[in-house]
Amino acid sequence: MERVDNCFGGSLYTGDMLRIFRPFPADSIRLIVFDLDGTLIDSRQDLCNSVNATLENFDLAPLPDDVIASFIGDGAAMLIRRALTIPGELPAGAQVDEVFFEEAFRYFLTYYRAHKLDYTRVYPGVVESLEALKVLPDGTARPMAVLTNKPVGPARAICDGLGLSPYFFSVYGGDSFPTKKPDPQGLLTLMTAARATPEETLMIGDSDVDIKTARNAGVWALGCSFGLAPETLELADPDAVADHASAWSSLLAGALGGAGIRA
């Protein structure tokens, strides 16, 4: 195990592609809540293709995949709002006509539902970690769930299609509650259902939206640098960062951090 300087400032431990910034209470974590896009699944290409299909349907210029990917994380509606404000097409900060937005958003949802699994795959190491994490040290089942800003219909269909659903007692989407992440309502609802305290709960996600959600609920936060928005993690201040999904089980096994109290 090696101690090195890290890109977030300060120092950290490395090993099994896991970086820990605070002592982590591995033995205390009962509930794990996962983001979906960029955390459990690589859905970048299908989302980008669906956005560009929408733009082309309305005679707008397609966008580079990297630009579209930077719009992901705040839900499908915000994804389309951002994509419709195309550089060179509308002035910066311009508002999209609501009638046009609703039409474009409906087209996007219809297209994406039909193409959501064209290229989307589970990230390497995810299934193995889910298998390792699904049982608590005392042999009882560990409650795990998904909380995404993606609409709940496609989210559940993707989890079903990729064989992930059996691992989760619930899958909530961006339209499951009146608010979306980083509002903590969804996470707090899952904690209540699992009878888990904040100290017993871990949120895993690839963006600052997920880390902020964890902070707003007072729970532990694990960032994923392999996802769609790793550049947003630096200022979000996660408790740990995993460079590969296989590191999730290392963290919960206490292999690198041990039990501890958050600083």
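From a predicted model like this one, the values you see are computed outputs, not experimental measurements.

### Quick notes on the nonpolar core
In globular proteins that are soluble, nonpolar side chains generally tend to be buried together.
Moving on, step 1. Core analysis: the largest hydrophobic core is formed by 59 residues, its most contacted members being Leu40, Phe168 and Trp248.
Moving on, step 2. The biggest single contributor to this core is helix α4 (residues 98-115), with six residues.
Moving on, step 3. With residues up to four places along the chain from it excluded, the contact list for Phe168 reads Phe34, Leu40, Leu130, Met144, Ala145 and Val146.
Moving on, step 4. Leu147, Met203, Ala214 and Ala221 belong to the second largest nonpolar core, which has 18 residues in total.

### Remarks on the side chain of Asp239
Moving on, step 1. Inspection of the secondary structure puts Asp239 in the loop between α9 (233-236) and β11 (240-242).
Moving on, step 2. Judged by its relative accessible area of 0%, Asp239 falls in the buried class.
Moving on, step 3. In this structure the side chain of Asp239 is engaged in a polar contact, spanning 3.1 Å, whose partner is the side chain of Arg22.
Moving on, step 4. A distance of 3.2 Å separates a polar atom in the side chain of Asp239 from a polar atom in the side chain of Arg215.

### Regarding the confidence of the model for the chain
Moving on, step 1. Overall, the predicted model of the chain reaches an average pLDDT of 88, with 86% of residues at or above 70.
Moving on, step 2. Under a pLDDT of 50 for its full length, residues 1-15 has, in the predicted model, 31 contacts with residues more than four places off or in other chains.

### Quick notes on helix α3 (residues 76-84)
Moving on, step 1. Those residues of α3 not exposed but buried are Ala76, Leu79, Ile80, Ala83 and Leu84. Viewed along the axis of α3, the buried residues span an arc of 125 degrees, placing them on a single side of the element.
Moving on, step 2. Its buried side turned inward, α3 meets α1 (44-57), α2 (65-69) and α4.

### Regarding the pairing of strand β7 (residues 144-147)
Walk down a regular strand and you will see the side chains alternate between the two sheet faces.
Moving on, step 1. Neither face of β7 is open: one carries Met144 and Val146, the other Ala145 and Leu147, and all of them are buried.
Moving on, step 2. Taken together, the three bridges between strand β4 (residues 31-34) and β7 define a ladder with parallel strand orientation. From the neighbouring strand, Ile32 faces β7, where its bridge partner is Met144.
Moving on, step 3. Looking at chain direction, β7 and strand β8 (residues 170-172) are connected through three bridges and run parallel. The partner of Leu147 across the bridge, within β8, is Tyr172.
Moving on, step 4. Between β7 and its parallel partner β8, the chain crosses via helix α6 (residues 152-161), and the hand of that crossover is right-handed.

### Overview of the packing of aromatic side chains
Moving on, step 1. Enumeration over the complete set of coordinates arrives at 11 aromatic pairs.
Moving on, step 2. A cation over an aromatic ring shows up here: Arg81 above the ring of Phe101, its NZ or CZ 3.8 Å from the ring centre.

### A word on the pattern of salt bridges
Moving on, step 1. Scanning the entire structure with this criterion turns up 13 salt bridges.
Moving on, step 2. In this structure, the salt-bridge partner of Asp74 is Arg82, at a minimum N-O distance of 2.8 Å.
Moving on, step 3. If you follow the salt bridges from partner to partner, you end up with Arg22, Arg215, Asp237 and Asp239 in one network.

### Structural notes on the packing of α1 against α4
Moving on, step 1. In contact at an axis separation of 9 Å, α1 and α4 are set at 140 degrees when each is read in the N-to-C sense. Between α1 and α4, the angle is such that the two are oblique. Here the hand of the crossing between α1 and α4 comes out right-handed. Facing α1, whose interface residues are Asp46, Leu47, Asn49, Ser50, Val51, Ala53, Thr54 and Asn57, α4 presents Ala104, Tyr107, Phe108, Tyr111, Tyr112 and His115.
Moving on, step 2. Class assignment of the residues belonging to the contact of α1 with α4 gives a composition of eight nonpolar, five polar and one charged.

Parameters at a glance
- Residues numbered from 1 in each chain as written.
- Predicted model: local features only at pLDDT ≥ 70, side-chain atom pairs only at ≥ 80, totals over all residues.
- Heavy atoms only, no water.
- Core = buried A, V, L, I, M, F, W, Y, C linked by side-chain atoms within 4.5 Å.
- Buried < 20%, exposed > 50% of the residue type's maximum accessible area, 1.4 Å probe, protein only.
- Helix = DSSP H or I, 4+ residues; strand = E, 2+ residues; numbered from the N terminus.
- Contact = heavy atoms within 4.5 Å.
- Polar contact = N/O pair within 3.5 Å; in protein donor to acceptor, adjacent residues only side chain to side chain.
- pLDDT = per-residue confidence, 0-100.
- Arc of directions from axis to C-beta.
- Pairing = 2+ DSSP bridges.
- Right-handed = clockwise from strand over helix to strand, strands pointing away.
- Phe/Tyr/Trp six-rings, centres within 6.5 Å; stacked < 30°, edge-to-face > 60°.
- Lys NZ or Arg CZ within 6 Å of the ring centre and 35° of its normal.
- Salt bridge = Lys/Arg side-chain N within 4 Å of Asp/Glu carboxyl O.
- Axes fitted to C-alpha atoms, helices over the stretch in contact; angles between N-to-C directions.
- Parallel < 35°, antiparallel > 145°, perpendicular 65-115°, else oblique.
- Left-handed = near helix turned anticlockwise from the far one by under 90°.
- Nonpolar A, V, L, I, M, F, W, Y, C, P; charged D, E, K, R; others polar.

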